Amino acid sequence: MPSAVRLVVDAVAPDPSLIAEAGAALKAGKLVAIPTETVYGLGANALDPAAVQAIFEAKGRPASDPLIAHVDGPQMLSMVAATPIPDHARLLTESFWPGPLTIVVPRHPDLPSAVTSGLPDSAVRCPAHPVASAIITAAGVPIAAPSANRFSRVSPTSADHVLTDLGDRIDMVVDAGRSEHGLESTVVGFDADGAIVLRHGAIPLEALAEVVPARMLGDGTDPDKSKASPGHDERHYSPRTPTVTIAAGLLSGATEDDLAMLGRPGVAYAGYDDSETPLPDGWTFVSLGRRSKVAEVAHGLYETLRSMDRADVELIVVELTSVNGLGRAVDDRLTRAGSSRVIRNLAALTDVITS
Ligand code: TXA
Ligand code: MG
């Protein structure tokens, strides 16, 4: 049975006494899951090494995977980062904070090294969610928070998801309903040439590039592992059920013979409402929404992956969007759900399905 206390708050105008309760618990070293506009975060006082350590234990996360410090504004930024921050970083925060942008900048010397896994840089984000922001202000300290899921699993977009994964391991969850974006923040590092996207997320590269020179590290399916975010493993965001990722449109070209070869019971297939996809016998269609509305796909993605995992299926097949902008972040997560292998032809798919 979950032992975590659930505080239900209004997402826009939360009860100040509940915000104060959550803030005080964080300040006192407790683990409190908080709603943000991206996903739910597992929060702890970033300045309290024992509380930070407890995050790693609750998640089962390796100590080598650093955490994002969440702040309520520029003043708190100076508690976790060396200031002034680099110009390109400052320009991005002026455009995208508060919001789903995480900057990786030189750390403040007093930040406990557990937060950054001993790295010289600190990841910092100022969330836009009114509840997250109010709780950080109430705590009066920066809040270290990874996504509130067990390590390598699908991120939580509701308090129920958090309780399913961590209910017996944390003190409290603040429930403000479904997360708006449904995908994590965009993590951005910097060099002399500009911004480098280390993890695709809710703010597309194209939007960053309107403000500063910006490029991506690898293409999401083939990241440069030497520099990508340390915790960005190949198998991440994964359902427990074996999951296969296929290229966009792969099944549209299937003949009757191909479909006959692919037939088998117990396959859940996650595809799109706005493409005609013939399905083999034994496959059940699960909607990810419309490719033409990729923000909707992002919003529902983790809930859909979790619901497929709960259902009694043997194999999950997910199709990429192949859409630019936010579609790249969706495809990054779908690719990792399939252990970073994308099946691009029907012969290879038949091998996987029938083996
Ligand atoms: O939207 C989000 O970012 C959510 C909410 C709760 O804010 N948080 C989140 O945290 O997704 P987490 O821990 O699940 O993912 C943080 C990512 C990891 O890939 C981590 O490796 C990377 O940020 N990261 C953290 N500190 C870093 C650093 N100093 N250098 C490079 N990457 C870093
Ligand atoms: Mg995570």
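Predicted model, so just to flag it, every value in this text is computed and none were measured.

Undergrad: So what's going on with the sheet that holds strand 12 (residues 243–246)? Which residues, and what values?
TA: Strand order in the open sheet formed by 5 strands is 14-13-15-12-16, and the pairing between neighbours is parallel. This sheet does not close on itself; its edge strands, each paired only once, are strand 14 (283–287) and strand 16 (342–343). Here strand 12 pairs with strand 15 (residues 315–319) via 4 bridges, running parallel. Considered in strand 15, the bridge of Ile246 is made with Glu319.

Undergrad: Lay out the site of ligand 1 with the relevant residues and their values.
TA: In the vicinity of ligand 1 lie 24 residues, with Thr38, Arg61, His70, Ser185 and Arg199 positioned nearest. Within the side chain of Ser147, an N or O atom sits 3.0 Å from an oxygen atom of ligand 1. When ligand 1 is considered free in solution it has 680 Å² of accessible area, and contact with the protein chains removes 96% of it. For the shell around ligand 1, the elements supplying multiple residues, two or more each, are strand 4 (68–70) and strand 6 (121–125). For the shell around ligand 1, the element with the highest residue contribution is strand 6, accounting for 3 residues.

Undergrad: Go over empty space enclosed by the protein, please, and point to the residues and values.
TA: The gaps of empty space that remain are located by a probe, the size of a water molecule, rolled over the atoms. Summed over the entire model, instances satisfying the criterion amount to 2 cavities of 30 Å³ or more. If you go around the second largest cavity, the residues you meet are Thr186, Val197, His200, Gly201, Ile203, Pro204, Leu205, Gly325, Leu326, Arg328 and Ala329. Looking at the lining of the second largest cavity element by element, the count peaks at 3 residues for helix 10 (residues 326–337). A class-by-class count of the residues in the lining of the second largest cavity yields 6 nonpolar, 4 polar and 1 charged.

Undergrad: I'd like to hear about the sheet that holds strand 5 (residues 101–106), residue by residue, with values.
TA: On the basis of which strands lie adjacent, the open sheet formed by 11 strands has the order 1-8-2-3-7-4-6-5-9-10-11 and mixed pairing. Here the strands that pair on one side only, and so sit at the sheet edges, are strand 1 (5–8) and strand 11 (214–216). Alignment of strand 1 against strand 8 (residues 172–175), held across 4 bridges, turns out to be parallel. Bridge pairing in strand 8 places Val8 opposite Asp175.

Undergrad: Any chance you could break down the pairing of strand 15 for me, citing the residues and the numbers?
TA: Within strand 15, 5 of the 5 residues are buried, leaving the element largely enclosed by the surrounding structure. Looking at chain direction, strand 13 (residues 267–271) and strand 15 are connected through 4 bridges and run parallel. Opposite Ala270, over in strand 15, you have Val318 as the bridge partner.

Undergrad: Can you lay out the environment of Leu67 for me, pointing to particular residues and giving the numbers?
TA: As for its placement among the helices and strands, Leu67 is situated in the loop between helix 2 (49–59) and strand 4. For Leu67, a relative accessible area of 2% corresponds to the buried category. As a C-alpha pair, Leu67 and Gly177 span 110 residues in sequence and 24 Å in three-dimensional space. Once residues lying within four places of it in the same chain are set aside, the contact partners of Leu67 are Val52, Ile55, Phe56, Arg61, Val115, Ala123, Ala144 and Pro146.

Undergrad: Describe the pattern of salt bridges, listing the residues and the values that go with them.
TA: Opposite charge on two side chains permits pairing when their charged atoms draw close. Counted under the stated rule, the structure contains 16 salt bridges. As a salt-bridge pair, Arg6 and Asp175 come within 2.7 Å of each other at their nearest N and O atoms. With Arg6 in strand 1 and Asp175 in strand 8, this pair connects stretches of sequence that are 169 residues apart. Close ionic contact of Arg215 with Asp191 constitutes a salt bridge, the shortest N to O distance being 2.5 Å. One end of the pair, Arg215, is in strand 11; the other, Asp191, is in strand 9 (residues 186–191), and 24 residues separate them in sequence. Given a relative accessible area of 35%, Arg215 falls into the partly exposed group. Salt bridges linked by common partners bring Glu184, Asp332, Arg333 and Arg336 together as one network.

Undergrad: Talk me through helix 6 (residues 159–166); I want residue IDs and the actual numbers.
TA: Where burial is concerned, most of helix 6 is hidden: 6 out of the 8 residues are buried. Among the residues of helix 6, Ala159, His161, Val162, Leu163, Asp165 and Leu166 are the ones counted as buried. Packing partners of the buried residues in helix 6 comprise strand 1, strand 2 (32–34), strand 3 (41–45), helix 2, strand 8 and helix 9 (294–310).

Undergrad: Break down the packing of helix 1 (residues 16–27) against helix 5 (residues 130–139) for me, with residues and values.
TA: Taken N-terminus to C-terminus, the directions of helix 1 and helix 5 make an angle of 55 degrees; their axes are 8 Å apart at the nearest point. Classified by the interaxial angle, the pair formed by helix 1 and helix 5 is oblique. For the element pair helix 1 and helix 5, the recorded crossing hand is right-handed. Judged by residue contacts, Ile19, Ala20, Ala22, Gly23, Leu26 and Lys27 of helix 1 engage Val131, Ala134, Ile135, Ala138 and Ala139 from helix 5. Here the contact of helix 1 with helix 5 is built from residues that sort into 9 nonpolar, 1 polar and 1 charged.

Undergrad: Before we move on, can you summarise the side chain of Arg336 with the specific residues and values?
TA: Here Arg336 is to be found in helix 10. Among the polar contacts listed, one links the side chain of Arg336 to the side chain of Asp332, at a separation of 3.0 Å.

Undergrad: I'd like a rundown of the side chain of Lys59, residues and numbers included.
TA: Relative to the assigned elements, Lys59 resides in helix 2. Although Lys59 is buried, it forms no salt bridge, and the closest oppositely charged side chain is Asp65 at an N-O distance of 6.9 Å. Side-chain polar atoms of Lys59 contact the backbone oxygen of Ser147, separated by 2.7 Å. The contacts of Lys59, once residues within four sequence positions are left out, are Leu42, Pro146, Ser147, Asn149, Arg150, Phe151 and Leu166.

Calculation rules
Residues numbered from 1 in each chain as written. Chains lettered and ligands numbered in written order. Predicted model: local features only at pLDDT ≥ 70, side-chain atom pairs only at ≥ 80, totals over all residues. Heavy atoms only, no water. Pairing = 2+ DSSP bridges. Helix = DSSP H or I, 4+ residues; strand = E, 2+ residues; numbered from the N terminus. Near = heavy atom within 4 Å. Polar contact = N/O pair within 3.5 Å; in protein donor to acceptor, adjacent residues only side chain to side chain. Areas by Shrake-Rupley, 256 points an atom, 1.4 Å probe, with all protein chains shown as cover. 1 Å grid on protein atoms, 1.4 Å probe; cavity = no way out; pocket = protein on both sides within 12 Å on 5 of 7 lines; lining within 4 Å. Points joined across faces, edges and corners; volume = space filled by probe spheres on them. Nonpolar A, V, L, I, M, F, W, Y, C, P; charged D, E, K, R; others polar. Buried < 20%, exposed > 50% of the residue type's maximum accessible area, 1.4 Å probe, protein only. Contact = heavy atoms within 4.5 Å. Salt bridge = Lys/Arg side-chain N within 4 Å of Asp/Glu carboxyl O. Axes fitted to C-alpha atoms, helices over the stretch in contact; angles between N-to-C directions. Parallel < 35°, antiparallel > 145°, perpendicular 65-115°, else oblique. Left-handed = near helix turned anticlockwise from the far one by under 90°. Lys, Arg positive; Asp, Glu negative; His and termini not counted.

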